[in-house]
Amino acid sequence: MPSKVVNSINPSPLTVEQRIREELKLDKGVITIRRNAPAAILYEDALKERNTVIDASGALIAYSGEKTGRSPKDKRIVEEETSKDNVWWGPVNKPCSERTWEINRERAADYLRTRDHLYIVDAFAGWDPKYRIKVRVVCARAYHALFMTNMLIRPTEEELKNFGEPDFTVWNAGQFPANTHTQDMTSKTTIEINFKAMEMVILGTEYAGEMKKGIFTVMFYLMPVHHNVLTLHSSANQGIDNGDVTLFFGLSGTGKTTLSADPNRLLIGDDEHCWSDDGVFNIEGGCYAKCIDLSMEKEPEIFNAIRFGSVLENVVYDPETRVVNYSDSSITENTRCAYPIEYIPSAKIPCLANAHPKNIILLTCDASGVLPPVSKLSPEQVMYHFISGYTSKMAGTEQGVTEPEPTFSSCFGQPFLALHPIRYAKMLASKMSEHKADAWLINTGWTGASYVSGGKRCPLKYTRAILDAIHDGTLAKESYEFLPVFNLQVPTHVNNIPSELLNPARNWSQGEAKYVAAVSKLAGLFIENFKTYQDKATSDVLAAGPQL
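What you see is a predicted model; the values in this text were computed from it and never measured. (Residues numbered from 1 in each chain as written. Predicted model: local features only at pLDDT ≥ 70, side-chain atom pairs only at ≥ 80, totals over all residues. Heavy atoms only, no water.)

### Regarding the overall build of the protein chain
Tallying secondary structure elements over the protein chain gives 16 helices and 31 strands in all. Taking 24 Å as the expected radius of gyration for a compact globule of 548 residues, we find that the protein chain reaches 23 Å, a close match to that expectation. Along the first, second and third principal axes, the C-alpha set of the protein chain runs to 75 × 55 × 45 Å. Taken across its 548 residues, the protein chain has 61% of its residues classed as buried. Computed over 57 positive and 66 negative side-chain charges, the inter-centroid distance for the protein chain is 2 Å. (Helix = DSSP H or I, 4+ residues; strand = E, 2+ residues; numbered from the N terminus. Rg over C-alpha atoms; globule rule 2.2 N^0.38 Å. Buried < 20%, exposed > 50% of the residue type's maximum accessible area, 1.4 Å probe, protein only. Lys, Arg positive; Asp, Glu negative; His and termini not counted. Charge placed at Lys NZ, Arg CZ, Asp CG, Glu CD.)

This is the structure in C-alpha cells:
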C-alpha cells in the first residue's frame, strides 16, 4: 500500500509529510503517516496494540508498559550556548552534551523509521494567541497521539491549514531504549530537551505524561525569559457571577484537578497556567486526572468526562463487562485519564480570563497530620511556602513511590522548573502585590494523626466547604487563632465543618507529647530545606517560616 498522510480535514498529501520524511529519511511507500487523525481512527489503530481495549463508558484503555509514572532522574537539558546561563542546573535539570543529544535523536529517528504507522499531532500550547506556541508531536503509538490530541489545544480547520513550521517538536520513540553506554546516560530512559533546536526526544519510557510535562518545562523557560510571563504549576477557575479568579498550586495528588472542577465555577484549567499582564491563561487543551478511588459520588465532573475520546491509563477492568475498577491499584496508584477540557461542563472556552487572581490557594497533602485544613497566609508566608513547596509525595506519581513521603518541591513544581525557583517566586510576589490577592494554605492530607499512626485524610466535602467560604468571602471575616511553631492563623469557625477539625492541636488523637514531637519534626524538615534559599531570602520571609 502506498504511503500517505491522513488528515481528518484535508485527506490530500500534505507538505508536513514531506518534512517528516526528510527529517527521518523515510523510505517512500513504507510508512503511513496520520496527521491530526480523529479519535475514531486513533481508536482503530490503538486497538491493534497489545492489551488496548474500550471500556464500558467508551474511553480507550491503554497501558504504558514498565513505566507507570514520570522518570525525573532521567530528565536532561542540552547544555548549549543559547540557554545554559538561564537554566537552573542541578538534580532537576541534568546537563547533557550536544553530542549525546545528536546520538539520542538519531536513535529515536532510527526506531521511528521502522514503524508501519507514524502519528503527527500539530496543536498549540497556551490559549492566549499572543503567547501560544505551535507544537508538533511525532510518535508511533496511537494512544500517545490521542493523549496529546486531548492535552494540547486543538487547532481550527483554518489554523491547521496555515499551521506552518512548529515552534517546538517532540520526537517520542519511548518504546525504544537509550543506549546506556552513551555519555551522560544512567539508564535506558532519557527525556531530553534542546532549547536551541527547540526539540525534545523521549527514549525508554512509554508513560504519556512525559510529553505533557516536557512541554510544561518548555513553557517554564520560554514565557519568563522571552515574554516576562509567569508560568505556574496550578489549576484555575473563575466565579460565574463576579468573575473572580482563583489559582490552586500543588503537586500531583494534592487536589488541583479535583478542586478546580467545581460545578459552581468556570474551569479555566486543571494543571498548567500562565499569569501575564492581561490575566491568566491555560497552557493545555485537556485535563489529566488521577483516577484512583474515583467515583461518581465524590467527583462527578471527572467521572462523567470518561467517555469516547478519553484515554484511561494503566487501570484494571472487568474482562467481561469492561467496567473499570478505580479502587484497584495493582498496576499502579497513578491511574490516570486524559480528556478534552470541554468534557467538563463548567469549562470556560477559550480557557483564559482577562482578570487577575483574587485568591491564591497553596495546596499540600500533609501525611504527618500536623498542618491545619486551612490557614490564612501573610504575604511573607506566601513566599516562604511557595519557595518551600511542601507536600507528601503520593504513591505512584513517580517510579518507586509506594506510600506518601515528605518532599519539598520549589514553586510546587520543582520537577518542571527550567529557571531558578527564586526567579519565579519574585515574579509571583510582584504580581500578588500589584493585584492585591489573598492567599491560603489548604491541607488536603491527614488529620487527627499521621498517615502511619492511623489518621484520616481530610474529607473532600470539608475541603470544598473551605473553598466555598473563601469564594463567598465569609472565611476572610472569621475570627482566627494562632498556631505556634508554624505561626499560622487558623479560623475558629467554617460553615459545615466540625470546629475541632480546624485546629490540629485539638484534633490530635495520639496525645499532646506525640503532637508536639510531630510538629517539631515537620518544622525541622522545613528549616533544613529552606537553607538552600536563605541566602537569597529577606529576613521577613525567613521569619515567616516555622520557628523552633
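### So, helix α10 (residues 421-435)
Spanning 15 residues, α10 covers 21 Å between terminal C-alpha atoms, matching the ideal 21 Å at 1.5 Å per step. Restricting attention to buried positions, one finds in α10 the residues Pro421, Ile422, Tyr424, Ala425, Met427, Leu428, Lys431 and Met432. (Expected span 1.5 Å × (residues − 1).)

### Overview of the pattern of salt bridges
Counting across every chain of the model gives 25 salt bridges. The salt bridge involving Lys196 is made with Glu81; its shortest N-O contact spans 3.2 Å. Here Glu81 lies in the loop between β5 (75-78) and β6 (94-96) and Lys196 lies in the loop between β10 (190-194) and β11 (199-203), a separation of 115 residues in the sequence. Between Arg132 and Glu159 there is a salt bridge, and its shortest N-O distance comes to 3.3 Å. (Salt bridge = Lys/Arg side-chain N within 4 Å of Asp/Glu carboxyl O.)

### Considering the side chain of Thr407
Assignment of secondary structure puts Thr407 in strand β26 (residues 405-408). Apart from the residues lying within four places of it in its own chain, the contact partners of Thr407 are Leu251, Gly389, Tyr390, Thr391 and Lys393. (Contact = heavy atoms within 4.5 Å.)

### Quick look at unusual backbone geometry
The linkage connecting Ile349 with the following residue, Pro350, adopts the cis geometry, with an omega of -5°. Tracing the chain through its elements places Pro350 in the loop between β21 (336-340) and β22 (352-353). A positive phi angle is found at Asn314, which is not glycine, with a value near 60°. Topologically, Asn314 is positioned in the loop between β18 (311-313) and β19 (316-317). Using a relative accessible area of 2% as the deciding quantity, one classes Asn314 as buried. The phi angle at Cys411 is positive, at roughly 60°, despite the residue not being glycine. Tracing the backbone through its elements, the reader meets Cys411 in the loop between β26 and α10. Classification of Cys411 as buried rests on a relative accessible area of 3%.

### Focus on the side chain of Thr391
Mapping Thr391 onto the fold places it in strand β25 (residues 390-393). Dropping the residues within four chain positions of it, Thr391 is found in contact with Leu251, Thr254, Thr364, Cys365, Glu405, Pro406 and Thr407.

### Observations regarding the sheet that holds β18
Sheet strands pair via backbone hydrogen bonds, and the direction of the pair is either parallel or antiparallel. Reading across the sheet, the 5 strands line up as β3-β4-β18-β21-β17 and stay open at both edges, with mixed pairing between neighbours. The two strands at the open ends of the sheet, each matched to only one other strand, are β3 (53-54) and β17 (286-290). (Pairing = 2+ DSSP bridges.)

### Here we look at the packing of helix α2 (residues 39-46) against helix α4 (residues 142-151)
Contact geometry of α2 with α4 gives a least axis separation of 8 Å together with a crossing angle of 150°. In this view, α2 runs roughly antiparallel relative to α4, as classed from their interaxial angle. In this structure, α2 crosses over α4, and the sense of that crossing is left-handed. Here α2 contributes Ala39, Leu42, Tyr43, Asp45 and Ala46 to the contact with α4, which in turn contributes Ala142, Tyr143, Ala145, Leu146 and Thr149. (Axes fitted to C-alpha atoms, helices over the stretch in contact; angles between N-to-C directions. Parallel < 35°, antiparallel > 145°, perpendicular 65-115°, else oblique. Left-handed = near helix turned anticlockwise from the far one by under 90°.)

### Quick word on empty space enclosed by the protein
In total, this model carries 3 cavities of 30 Å³ or more according to the counting rule given. In this structure, the largest cavity is lined by 13 residues; those nearest its centre are Arg70, Lys75, Glu210, Lys213 and Pro415. The leading source of residues in the lining of the largest cavity is helix α6 (residues 209-227), at 4 residues. Computed from the structure, the second largest cavity encloses a volume of approximately 50 Å³. Contributing to the lining of the second largest cavity are Phe124, Ala125, Met148, Met151, Leu152, Lys212, Ile215, Glu272, Ile283 and Glu284. (1 Å grid on protein atoms, 1.4 Å probe; cavity = no way out; pocket = protein on both sides within 12 Å on 5 of 7 lines; lining within 4 Å. Points joined across faces, edges and corners; volume = space filled by probe spheres on them.)

### Focus: helix α15 (residues 512-530)
Over its 19 residues, α15 extends 27 Å from the first C-alpha to the last, a length consistent with the 27 Å expected when each residue adds 1.5 Å. Three or more residues of α15 are buried, namely Tyr515, Ala518, Val519, Leu522, Ala523, Phe526, Asn529 and Phe530. Down the axis of α15, the buried set is contained in an arc of 125°. They therefore lie on one face. Among the exposed residues of α15, those oriented more than 90 degrees off its buried face are Ala513, Lys514 and Lys521. Buried residues along α15 sit in contact with α9 (379-388), β25, β26, β30 (480-483), α14 (504-507) and α16 (539-543). (Arc of directions from axis to C-beta.)

### Here we look at the state of the cysteines
One pass over the structure, following the stated rule, counts 0 disulfides. Note on Cys274: no disulfide assigned, nearest cysteine sulfur contributed by Cys351 at a separation of 13 Å. The thiol of Cys458 is unpaired, and the distance to the nearest cysteine sulfur, on Cys365, comes to 10 Å. (Disulfide = S-S within 2.5 Å.)

### Looking at the packing of α9 against α10
Contact pair α9 / α10: the axes reach a minimum separation of 10 Å and the direction vectors enclose 150°. As far as their axial angle goes, α10 and α9 are roughly antiparallel. The two elements α9 and α10 cross, and the hand of that crossing is right-handed. On α10, the residues touching Val382, Met383, Phe386 and Ile387 of α9 are Ile422, Tyr424, Ala425, Lys426, Leu428, Ala429 and Met432. Residues belonging to the contact of α9 with α10 are distributed by class as follows: 10 nonpolar, no polar and 1 charged. (Nonpolar A, V, L, I, M, F, W, Y, C, P; charged D, E, K, R; others polar.)

### A look at the environment of Gly58
Here Gly58 shows up in the loop between β3 and β4 (60-62). Here Gly58 falls in the buried class, since its relative accessible area comes to 15%. Put simply, Gly58 and Ser310 are 252 residues apart on the chain and 8.0 Å apart in space, counted from C-alpha to C-alpha. Apart from the residues lying within four places of it in its own chain, the contact partners of Gly58 are Tyr43, Arg307, Phe308 and Gly309.

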